[in-house]
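Given next are the chains, with one letter for each unit.
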Amino acid sequence: MPDAAGGDEMKQAKEIEDAEKFNFMATVTKAPKKQIQFADDMQEFTKFPTKSGRRSLSRSISQSSTDSYSSDSSDDEEGTPREKHQTNSKGSSNFCVKNIKQAEFGRREIEIAEQDMSALISLRKRAQGEKPLAGAKIVGCTHITAQTAVLIETLCALGAQCRWSACNIYSTQNEVAAALAEAGVAVFSWKGESEDDFWWCIDRCVNMDGWQPNMILDDGGDLTHWVYKKYPNVFKKIRGIVEESVTGVHRLYQLSKAGKLCVPAMNVNDSVTKQKFDNLYCCRESILDGLKRTTDVMFGGKQVVVCGYGEVGKGCCAALKALGAIVYITEIDPICALQACMDGFRVVKLNEVIRQMDVVITCTGNKNVVTREHLDRMKNSCIVCNMGHSNTEIDVTSLRTPELTWERVRSQVDHIIWPDGKRVVLLAEGRLLNLSCSTVPTFVLSITATTQALALIELYNAPEGRYKQDVYLLPKKMDEYVASLHLPSFDAHLTELTDDQAKYMGLNKNGPFKPNYYRY
C-alpha cells in the first residue's frame, strides 16, 4: 500500500504546478502582439519583394537551374564571336568559339566525361598505336558537348584531322568548344547561334584552302546537305558518310532512292547499339531532366501526350508513367500502336485530346506534327516540346505573327501569349529538348560514340568495292563488339558456348550470335 501522506503531497504539488501554468498562459494571452522584425535592418517579415526584386530572384533561380558555366560567364558579351579575333596558347586562330578563355573549365568537363566513357577510351588505347585513321580528314557536324569532345579527341588520337561544327544552335557547351580549340581542333560553334551563324560555321569547316575532307560524320544531315548544295566536287574524295540521326538517315535513303548518293553511307541510327540504348535509355532519363530544369513541373496526375512510340517515345513514356503522369500516345504505325496499347497507354488522335493536355511532346522525326490549329486549341500553360532531332515537328513559324506575343521567361523557355491572355510554354523554340535545355547521360553516349568511331574506321579502311554508293547498317559483329566493351563497367560476365552447343545452334563461339534480321 502506498503512503497516504505521500500521496496527498504529490496531489498538492500537482495542483500548484497547474495553477502556475494557468497564470503563465493568462499573462501571455494578455500581452500585446508585436510585429516580428529583423534586428539588422528592421525589415518586417511580412514585407514582399518589389516587382524588380521578384524578377531578379526568378532570374537567379533560372540561371542556377538551367544555364551552364558558359551561359553565366559569356552570354552577356556584346557581339557575335564571328566579330572577335581570338587565338589559343599556340597562336592559332583556326576556330570560332564564344570565349577561348573558358578552355581550362571545358578541359575539366571533358576529363569528367572520360571517366564514364571507359569503352571509348579503351578503344582509343587499343588502336592508338595502329593509327587506323591516319590520313583521314574528318569534317563533323554533331552536338558539341563534353561527351562528343571525347569522341573527337579519340578520332584525333587514331590519326585523323578534324574540323567540327554544331548540329543544333542551342546544344553547344561553350567551355567544351573552347577546350577543343585550345587543343588544336578547328571548331566553329557557340551556344545561341543564329540561323546564319549555323550555316556559316558549317561552311567554315568545309571550305578551307589547302584542306579537303575525305570523311563526313553527320548528325541530322545538314552538313551532308550543305556539301551537296555548295561543294559537290568534294564528294570526289569522300570515302564515306556516317550518320546517326533519324532525320539524317531519312535524307540519305531519299538520295539513294533518287540515285544521287555518290558515296557509301553508314546508318548508325538503326544500329542496335544506337537504337536500343541511346534512343531508349538516354531519352528515358533526359526527358525528365529537360522538363524539370526549364519548367519545374510536377508530373503526378498531369495529362501528357507523346507523339510517336518509337524507341525515343518508349523511353519518354516509361519515365513519365513512372512519375504518375497520365500518358497518351499518337502513332501512324499499327505495330508501334499495338506495343503502346500492350504497355498500358491509350492510343489517340492528337486533335481528340489536345484541349485537355498539360504537356505535348513530339518524337516522330516528321514535320508539322503539332500545327497552329493544335496550338490554338491548347489550354492555358500547356507545355510544348520536341524530343526529335529536327525542329520541324512543331510549327513554330506559325507562331511568329503580330497577334501573338513572345515572352522569354528563362533560358530556352518562351511564353507564347494569345490575345485573350492564354499562354503556351514553348521549350527550346521547338528544337531538341534534352541537349538544348539539359544534359544527357554520359555512359549511354559512350555507346553511340564508340559505334560512330568504329563506323568511320570501317568505311575509311574498307577495300575498294566492299561498299557501293548506298546506305548500310553496321555489321552485327561490330554491334556486339561495342556492347562487349561496355560490359566491364557493370562487372558483367558473359556465358560461353561449349563446342557442342555452338554446333547445335549453328553459331561461331565468338559471334555474331543473332542473324541480321533479328529484332532485339
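Worth saying up front: this structure is predicted, and the values here are computed from it rather than measured.

## Digging into the overall build of the protein chain
So, step 1. When you go through the protein chain residue by residue, the secondary structure sums to 19 helices and 15 strands.
So, step 2. In the protein chain, buried positions account for 49% of the 520 residues.
So, step 3. Within the protein chain, contacts between residues separated by at least 24 positions form 69% of all contacts whose residues are at least 6 apart in sequence.
So, step 4. In the form shown here, the protein chain has an accessible surface area of approximately 26700 Å², with 53% of it arising from carbon and sulfur atoms.

## A few points about the UniProt feature "binding site: substrate" (unreviewed entry) in the protein chain
So, step 1. Per the UniProt record, "binding site: substrate" (unreviewed entry) is annotated on Thr 145, Asp 219, Glu 244, Lys 274 and Asp 278.
So, step 2. For Thr 145, the position within the fold is in the loop between β1 (137-142) and α6 (146-157).
So, step 3. Classification of Thr 145 as buried rests on a relative accessible area of 4%.
So, step 4. Excluding residues within four positions of it along the chain, Thr 145 makes contact with Ser 171, Gln 173, Val 176 and Leu 435.
So, step 5. By secondary structure assignment, the location of Asp 219 is in the loop between β4 (215-218) and α9 (222-230).
So, step 6. Judged by relative accessible area, Asp 219 falls into the buried class, the value being 4%.
So, step 7. With residues up to four places along the chain from it excluded, the contact list for Asp 219 reads Cys 141, Thr 142, His 143, Cys 167, Glu 243, Glu 244, Ser 245 and His 389.

## A word on the layout of surface pockets
So, step 1. By volume, the second largest pocket amounts to about 610 Å³.
So, step 2. Along the wall of the second largest pocket there are 20 residues; nearest its centre are Glu 480, Ala 483, Ser 484, Leu 494 and Phe 513.
So, step 3. When residues of the lining of the second largest pocket are traced back to their parent elements, those giving at least two are α11 (272-295) and α18 (476-486).
So, step 4. With six residues, α18 is the largest single contributor of residues to the lining of the second largest pocket.

## Considerations on the packing of helix α4 (residues 103-115) against α6
So, step 1. The geometry of α4 relative to α6 is characterised by a closest axis approach of 8 Å and an angle of 80° between their N-to-C directions. By the angle between their directions, the pair α4 and α6 is classed as roughly perpendicular. Contacts from Arg 107, Glu 109, Ile 110, Ala 113 and Glu 114 in α4 reach Ala 146, Gln 147, Ala 149, Val 150 and Glu 153 in α6.
So, step 2. Looking at the contact of α4 with α6, its residues break down into five nonpolar, one polar and four charged.

## Quick notes on the packing of aromatic side chains
Geometrically, a pair of aromatic rings is defined through the distance of the ring centres and the angle of the planes.
So, step 1. By the definition in use, this model includes 10 aromatic pairs.
So, step 2. Note on Tyr 309 and Phe 345: the rings are 5.9 Å apart at their centroids and 65° apart in plane angle, and the pair reads as edge-to-face. Highlighted residues: Tyr 309 in the loop between β7 (303-307) and α12 (311-322) and Phe 345 in the loop between α13 (334-342) and β9 (346-347), separated in sequence by 36 residues. For the pair Tyr 309 and Phe 345, a shared accessibility class is recorded, and that class is buried.
So, step 3. One Lys or Arg, Lys 422, reaches over the ring of Trp 418 and ends 4.2 Å from the middle of that ring.

## What to know about the confidence of the model for the protein chain
So, step 1. Averaged over all residues, the pLDDT of the protein chain equals 87, while 85% of them reach at least 70.
So, step 2. Below pLDDT 50 for its whole length, residues 21-76 participates in 40 contacts with residues either more than four positions away or in separate chains.

## Some thoughts on the packing of helix α5 (residues 118-127) against α6
Between two packed helices, both the angle of their axes relative to each other and the distance between the axes serve to describe the pair.
So, step 1. Running from N to C, α5 and α6 point in directions that differ by 10°, and their axes come no closer than 9 Å. Considering their axes alone, α5 and α6 lie roughly parallel with respect to each other. In this structure, α5 uses Leu 120, Ile 121 and Arg 124 to contact α6, whose residues at the interface are Val 150, Leu 151, Glu 153, Thr 154 and Ala 157.
So, step 2. Residues belonging to the contact of α5 with α6 are distributed by class as follows: five nonpolar, one polar and two charged.

## Comments concerning helix α7 (residues 174-182)
So, step 1. Burial runs high along α7: eight of the nine residues are buried.
So, step 2. Restricting attention to buried positions, one finds in α7 the residues Asn 174, Glu 175, Val 176, Ala 177, Ala 178, Ala 179, Leu 180 and Ala 181.
So, step 3. One or two steps after α7, the chain reaches Gly 184, where phi turns positive at roughly 105°.

## Regarding the pattern of salt bridges
A side chain with one charge can pair with a side chain of the opposite charge if their charged atoms come near.
So, step 1. The tally for this structure, following the rule as stated, stands at 19 salt bridges.
So, step 2. Close ionic contact of Asp 358 with Lys 379 constitutes a salt bridge, the shortest N to O distance being 2.7 Å. Of this pair, Asp 358 sits in the loop between α14 (350-353) and β10 (359-362) while Lys 379 sits in the loop between α15 (372-377) and β11 (382-386); the two residues are 21 residues apart in sequence, bridging distant segments of the chain.
So, step 3. Note that Glu 429 is salt-bridged to Arg 408, the shortest N-O span being 3.3 Å. One end of the pair, Glu 429, is in the loop between β14 (423-427) and α16 (433-437); the other, Arg 408, is in strand β12 (residues 405-410), and 21 residues separate them in sequence.
So, step 4. Under the relative-accessibility criterion, Arg 408 is labelled partly exposed at 44%.
So, step 5. Linked by salt bridges that have partners in common, Arg 400, Arg 408, Asp 414 and Glu 429 make up one network.

## Quick look at the sheet that holds strand β13 (residues 413-417)
So, step 1. One open sheet accounts for eight strands, arranged β9-β8-β7-β10-β11-β14-β13-β12; its pairing is mixed. In the strand order of this sheet, the two ends are held by β9 and β12, each with one partner.
So, step 2. Taken together, the five bridges between β12 and β13 define a ladder with antiparallel strand orientation. Bridging across to β13, Trp 406 finds its partner in Ile 416.
So, step 3. Across the face of the sheet, α11 comes into contact with β10, β11, β12, β13 and β14 while running at roughly 130° to β14.

## Let's talk about the sheet that holds β4
So, step 1. What the seven strands build is an open sheet, ordered β3-β2-β1-β4-β5-β6-β15; its pairing is parallel. Whereas interior strands pair on both sides, the edge strands pair on one side only; in this sheet they are β3 (186-188) and β15 (471-473). Each strand axis lies, on average, 20° off the axis of its neighbour in the sheet, ignoring direction.
So, step 2. With three bridges joining them, strand β6 (residues 265-267) and β15 adopt parallel strand pairing. Its bridge partner being in β15, Met 266 is matched across the sheet by Tyr 472.

Quick notes on the rules
- Every chain begins its residue count from 1, and numbering advances along the sequence as written.
- Restriction of local features to residues with pLDDT of at least 70 applies here, the model being predicted, together with a cutoff of 80 or more for giving and counting side-chain atom pairs; totals for whole chains, interfaces and linings are based on all residues.
- Processing note: side-chain calculations cover all non-hydrogen atoms of the structure and skip hydrogens and water entirely.
- By the criteria applied, helices consist of DSSP H or I runs no shorter than four residues and strands consist of E runs no shorter than two, each listed in order from the N terminus.
- Think of it in three bands: with a 1.4 Å probe and only protein chains considered, a residue is buried below 20% of the maximum accessible area for its type, exposed above 50%, and partly exposed in between.
- Here, residues are in contact when the closest pair of their heavy atoms is within 4.5 Å.
- All accessibility values rest on the Shrake-Rupley procedure with a 1.4 Å probe; residue burial counts only the protein chains present in the view.
- UniProt positions are given in the numbering used here, feature names are shortened, and annotations may be inferred rather than shown by experiment.
- Think of a 1 Å grid over just the protein atoms. A cavity is a set of points where a 1.4 Å probe fits yet cannot get out, a pocket is an open set with protein on both sides within 12 Å along at least five of seven lines, and lining residues have an atom within 4 Å of a point.
- Grid points are joined across faces, edges and corners, and a volume is the space filled by probe spheres set on the points.
- The angle between two axes is taken between their N-to-C directions and runs from 0 to 180 degrees, where each axis is a line fitted to C-alpha atoms and a helix contributes only its stretch in contact.
- To sort the angles, those under 35 degrees are grouped as roughly parallel, those over 145 as roughly antiparallel, those from 65 to 115 as roughly perpendicular, and the leftovers as oblique.
- Residues are grouped as follows: Ala, Val, Leu, Ile, Met, Phe, Trp, Tyr, Cys and Pro are nonpolar; Asp, Glu, Lys and Arg are charged; every other residue, Gly included, is polar.
- Centres within 6.5 Å make a pair out of two Phe, Tyr or Trp rings, where for Trp the six-membered ring is used; the pair is then stacked when the planes are under 30 degrees apart, edge-to-face when over 60, and tilted otherwise.
- A ring is scored as having a charge over it whenever the NZ atom of a lysine or the CZ atom of an arginine sits within 6 Å of its centre and within 35 degrees of its normal.
- What pLDDT reports is the predictor's confidence in each residue, on a scale of 0 through 100.
- Think of a salt bridge as a Lys or Arg side-chain nitrogen and an Asp or Glu carboxyl oxygen that are within 4 Å of each other.
- Note: two strands are recorded as paired if DSSP finds a minimum of 2 bridges between them.

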